[in-house]
Amino acid sequence: MVLATLAGGALAGCTAPTRAAKPETAASASPSAHRSSAAPSPAVTVRPARLPAATRAEMVARYGHAVPHTWGFDAPGVVHRLPGRQGIALTFDACGGRGGSGYDRALIDFLRRREIPATLFVNSRWIDANPAVFRRLAAEPLFEIANHGTRHLPLSVTGRSAYGIPGTRSAAEVYDEIAGNRARLTDLLGSPPRFFRSGTAYCDDVAARIVTALGERFVSFSVNGDAGATFSPEQVRTTVGAAPAGSIVICHMNHPEGGTARGVAAAVPRLLASGHRFVRLSDSLH
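Residues numbered from 1 in each chain as written. Predicted model: local features only at pLDDT ≥ 70, side-chain atom pairs only at ≥ 80, totals over all residues. Heavy atoms only, no water.

Peer 1: An account of the overall build of the protein chain is needed here, citing residue identities and associated values.
Peer 2: Counting its regular elements, the protein chain contains eleven helices and twelve strands. By residue count, 53% of the 286 residues in the protein chain fall in the buried class. (Helix = DSSP H or I, 4+ residues; strand = E, 2+ residues; numbered from the N terminus. Buried < 20%, exposed > 50% of the residue type's maximum accessible area, 1.4 Å probe, protein only.)

Peer 1: For the pairing of strand E3 (residues 118-122), give the residues involved together with the corresponding values.
Peer 2: Looking down a regular strand, the side chains alternate between one sheet face and the other. Burial within E3 is extensive, with five of its five residues counted as buried. Side-chain alternation along E3 places Ala118, Leu120 and Val122 on one buried face and Thr119 and Phe121 on a second face that is also buried. Strand direction decides the pairing type here: strand E2 (residues 88-94) and E3, joined by four bridges, are parallel. Paired with Asp93 across the strands is Phe121, a residue of E3. The parallel pair E2 and E3, bridged by helix H4 (residues 105-114), forms a crossover whose chirality is right-handed. (Pairing = 2+ DSSP bridges. Right-handed = clockwise from strand over helix to strand, strands pointing away.)

Peer 1: Quick rundown of the packing of aromatic side chains? Include the residues and the values.
Peer 2: Applying the stated criterion across every chain yields a total of six aromatic pairs. Ring plane angle 65 degrees and centroid distance 5.1 Å describe the contact between Phe73 and Phe221, whose orientation is recorded as edge-to-face. With Phe73 in the loop between strand E1 (71-72) and E2 and Phe221 in the loop between strand E9 (217-218) and strand E10 (223-224), this pair connects stretches of sequence that are 148 residues apart. An aromatic cluster of at least three residues, connected via ring pairs, comprises Trp71, Phe73, Tyr163, Tyr202 and Phe221. A cation over an aromatic ring shows up here: Arg197 above the ring of Phe121, its NZ or CZ 4.2 Å from the ring centre. (Phe/Tyr/Trp six-rings, centres within 6.5 Å; stacked < 30°, edge-to-face > 60°. Lys NZ or Arg CZ within 6 Å of the ring centre and 35° of its normal.)

Peer 1: Any chance you could break down the environment of Thr158 for me, citing the residues and the numbers?
Peer 2: Along the polypeptide, Thr158 turns up in the loop between strand E4 (143-147) and strand E5 (161-162). Judged by relative accessible area, Thr158 falls into the partly exposed class, the value being 47%. Residues Thr158 and Val174 lie 16 residues apart in sequence; the distance between their C-alpha atoms is 9.9 Å.

Peer 1: Account for the nonpolar core, with residues named and values stated.
Peer 2: Ranked by internal contacts, the top residues of the largest apolar core, which has 36 residues, are Leu90, Phe92, Leu111, Leu120, Trp126, Leu137 and Met253. Top element by residues in this core is helix H10 (residues 260-273). It accounts for five residues. Look past the residues within four positions of Leu111 in its chain and what remains in contact with it is Leu90, Phe92, Ile116, Ala118, Leu142 and Phe143. Tyr63, Ala171, Tyr175 and Leu214 belong to the second-largest nonpolar core, a separate cluster that totals 22 residues. (Core = buried A, V, L, I, M, F, W, Y, C linked by side-chain atoms within 4.5 Å. Contact = heavy atoms within 4.5 Å.)

Peer 1: Which residues make up the side chain of Thr91, and what values go with them?
Peer 2: Within the secondary structure, Thr91 sits in strand E2. Here the side chain of Thr91 touches Arg197 through a polar contact of 3.1 Å, side chain to side chain. In this view, Thr91 contacts Thr119, Phe121, Arg197, Ile248, Val249, Ile250, Cys251 and Leu281; residues no more than four positions away in its chain are not counted. (Polar contact = N/O pair within 3.5 Å; in protein donor to acceptor, adjacent residues only side chain to side chain.)

Peer 1: Provide a residue-level description of the pairing of E4, including the pertinent values.
Peer 2: Among the five residues of E4, five are classified as buried, and the element is accordingly described as predominantly covered. As judged from the five bridges shared by E3 and E4, these two strands associate in the parallel manner. Its bridge partner lying in E4, Val122 is registered against Asn147.

Peer 1: I'd like a rundown of the packing of helix H7 (residues 171-189) against helix H8 (residues 205-213), residues and numbers included.
Peer 2: Two numbers describe how H7 lies on H8: the axes approach to 10 Å, and their chain directions differ by 45 degrees. With respect to H8, the axis of H7 lies oblique. Crossing handedness for the pair H7 and H8: right-handed. Residues Ala171, Val174 and Ile178 of H7 touch H8, and the partners they reach there are Ala207, Ile210 and Val211. In terms of residue class, the contact of H7 with H8 is made up of six nonpolar, no polar and no charged. (Axes fitted to C-alpha atoms, helices over the stretch in contact; angles between N-to-C directions. Parallel < 35°, antiparallel > 145°, perpendicular 65-115°, else oblique. Left-handed = near helix turned anticlockwise from the far one by under 90°. Nonpolar A, V, L, I, M, F, W, Y, C, P; charged D, E, K, R; others polar.)

Peer 1: Outline the packing of helix H9 (residues 233-241) against H10, supporting the account with residue identities and numerical values.
Peer 2: Direction vectors running N to C along H9 and H10 enclose 35 degrees, while the axes themselves pass 7 Å from each other. Pair H9 / H10 crosses with right-handed handedness. Contacts from Pro233, Val236, Arg237, Val240 and Gly241 of H9 reach H10 at Thr260, Arg262, Gly263, Val264, Ala266, Ala267, Arg270 and Leu271. The class makeup of the residues in the contact of H9 with H10 is seven nonpolar, three polar and three charged.

This is the structure we're talking about:
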């Protein structure tokens, strides 16, 4: 199973759940969850957005005619592991959109109780559906917010697809996918995000270079912890629990109906008992 997860596995669940479920947003959460979210969210300081490292026109001029040579989870500059086997980075995608705007409160509450740091890759559509939840998460030092794109698209300059999801079709659309949510997060957080992961985590080498040119690092993964929120709790426990030091683990925080929360809650104590520690990406990637 671990070898299968290292190879990638299904990530299409980042867009839609395998079981129909009403998204658990701030307005549609269960009564008990709604009560806990009724408390005022900590304020997030809003400062003027910093401009991207390059403009849309500059990116089109530089990469508009470039021909990609790779497609998948790897490309120049894409990060898959932490340097020097420094801890384990748990990363959780919040993808947004129809069927993907839920909030796994049980997962986040577990991380809070055990004080487990994590990096949260948040899509612009998920912010729209969960504004109060986002503000609270962004205000907690335990969590780090990263860029998961504007429309949750595979990052391509030729329109290539992943898991049946059409990707961006040009350098201009790549720019829009990165910079749209980058500007949104910069406005909300007061500083630009440092890390980016595309929808499905797929990219080509030209698109990956555009990510770098815009001042972010494309972060992929080495362990696919929940296979697009389709794994059972036992599968998540087994896969995440076997992560070696230096791993970047990808899971999802937008499918509360899945097995991610229970699986992570079972795997983390096992990893801690084995001497592992958990870090945010910025704690190891400089």
